[in-house]
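# Topology and contacts: notes
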Amino acid sequence: MEGRDPLQTIEPLFAEGARTFFGAPGVSDPEALDADVAFVGVPFDAGTPQPFNRTGQAQGPAAARAASHEQFDSEPGGTAGWYDIESGRELVGVRMADLGDVYIQGADEARNFARMSAVARGVVERGALLVAFGGDHSISLPLGRGVSEAEPVAFVHVDAHADFLDDLDGARFSGASQLRRLAELPSIRGVSALGLRNVARPEVEGMRELGVGWATTLDLIERGAEDVVAELVPADVPLYVSVDLDVLDPAFVPGTTLPEPGGLSYRQLRETLAVVAGRGRIVAIDIAELNPPYDPSGVTARVATWTITHLLAETLTK
């Protein structure tokens, strides 16, 4: 059997009538992308650190696509609309496209990461807002690297964990260290971490050393998102926002890799992201650690897609 092109970056949605994110048109050639928002799946879970090896995040993009279908109304020409009864706002005329999944091949981490970076860089260079569904949280490193090569950004990490270990048992690239690797990149114009509640002391020392500002879950609950975000997230700087679903309380997201008690409610997360969106132009978003095997009900996937719906509404209706 003839092999695939090893430099291929995207696994298109080949099947006729295949489910796409929010019913957006599928675009099989990234070079042909012409949209306001570009969705990309990143079915990668090889960055899950031991001893927390609850893999299954590679199934996240498919679960999120299926869960997204009841939200946006697709219109001819690839535009979409969404009405929020609570605020009375309507998001209309947004051109969306689904590029399919980043092509993941085996355990070749370097090449898999290079594909993720290439896809992210290409989306931002074409003027679209990148929305990537993972996948474990290690994907933020290659995605953030690719985005920042196209446009330097400040990185906003929303997570119960700092993911700031310098290495874990000798491994310097995993879902336990990606934020540190991002903070070391010269093209990243600042890093902030919001919602932390299970962090090792060496991670705190590392964040201080590299000038990373952070806030705990308790900070967000007691001080409020307005004060915390104003203190930590730079204003008027392009932003990359990364959301690990475990920032939420496990009652809301049972299908995540490392659930931690005492998390935010969905309302609190939504408020936090709305304030972040008010600080600067968001050029890229990722949702990490959707782990469908641990939630047969599909509730966690619905939370993931609603998170994107509300964040896009805040970002695109300024």
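Up top is the structure these notes are about.
Residues numbered from 1 in each chain as written. Predicted model: local features only at pLDDT ≥ 70, side-chain atom pairs only at ≥ 80, totals over all residues. Heavy atoms only, no water.

### Comments concerning the packing of aromatic side chains
Here is the rule we go by: Only Phe, Tyr and Trp rings take part, Trp by its six-membered ring, and two of them pair if their centres are within 6.5 Å. Stacked means planes under 30 degrees apart, edge-to-face means over 60, and tilted covers everything else. Secondary structure follows DSSP: runs of H or I at least 4 residues long count as helices, runs of E at least 2 residues long count as strands, and numbering of each begins at the N terminus. Three exposure classes are used, based on accessible area relative to the maximum for each residue type with a 1.4 Å probe and protein chains only: buried under 20%, partly exposed in between, and exposed over 50%. By definition here, charges over rings are those cases where NZ of Lys or CZ of Arg is within 6 Å of the ring centre and within 35 degrees of the ring normal.
The full count for this structure, using the stated rule, is 6 aromatic pairs. Measuring from ring centre to ring centre gives 5.5 Å for F21 and F39, while their planes differ by 40°; the resulting arrangement is tilted. Of this pair, F21 sits in the loop between β1 (10-11) and β2 (37-42) while F39 sits in strand β2, and the two are 18 residues apart along the sequence. Look at F22 and F39: their rings are 5.2 Å apart centre to centre, the planes differ by 40°, and that puts the pair in the tilted class. With F22 in the loop between β1 and β2 and F39 in strand β2, the pair connects residues that are 17 residues apart, well separated along the chain. A residue is classified by how much of its surface remains accessible, and F22, at 2% relative accessible area, is buried. Classification of F39 as buried rests on a relative accessible area of 0%. Joined through ring pairs, the aromatic side chains of F21, F22, F39 and F133 make up one cluster. A cation over an aromatic ring shows up here: R54 above the ring of Y294, its NZ or CZ 3.9 Å from the ring centre.

### Here's the deal with helix α3 (residues 140-150)
Along α3, 8 of the 11 residues are buried, which leaves the element largely enclosed by surrounding structure. Every buried residue of α3 is listed here: S140, L141, P142, L143, G144, G146, V147 and S148.

### Concerning the side chain of D249
The cut-off we apply is this: Charge counting follows a simple rule: Lys and Arg are positive, Asp and Glu are negative, and His as well as the terminal groups are ignored. Take a side-chain nitrogen of Lys or Arg and a carboxyl oxygen of Asp or Glu: if they are within 4 Å of each other, that pair is a salt bridge. Contacts are residue-level and defined by heavy atoms, with any inter-residue pair within 4.5 Å sufficient.
As for its placement among the helices and strands, D249 is situated in the loop between β10 (239-244) and α8 (266-277). One buried charged residue, D249, remains without a salt bridge, the closest side chain of opposite sign being R197 at 5.7 Å. The contacts of D249, once residues within four sequence positions are left out, are R197, P261, G262, G263 and L264.

### Some words on the nonpolar core
Put simply, the test is: Residues belong to a common nonpolar core when they are buried Ala, Val, Leu, Ile, Met, Phe, Trp, Tyr or Cys residues joined through side-chain atoms within 4.5 Å.
In terms of nonpolar packing, the biggest core is built from 53 residues, with F39, L194 and L312 touching the most fellow members. Looking at this core element by element, the count peaks at 7 residues for helix α9 (residues 299-316). Not counting chain neighbours up to four residues away, the residues in contact with F39 comprise F21, F22, M96, A97, D98, L99, G100, V131, F133, I308 and L312. Residues I10, V123, A162 and L182 belong to the second largest nonpolar core, which totals 41 residues.

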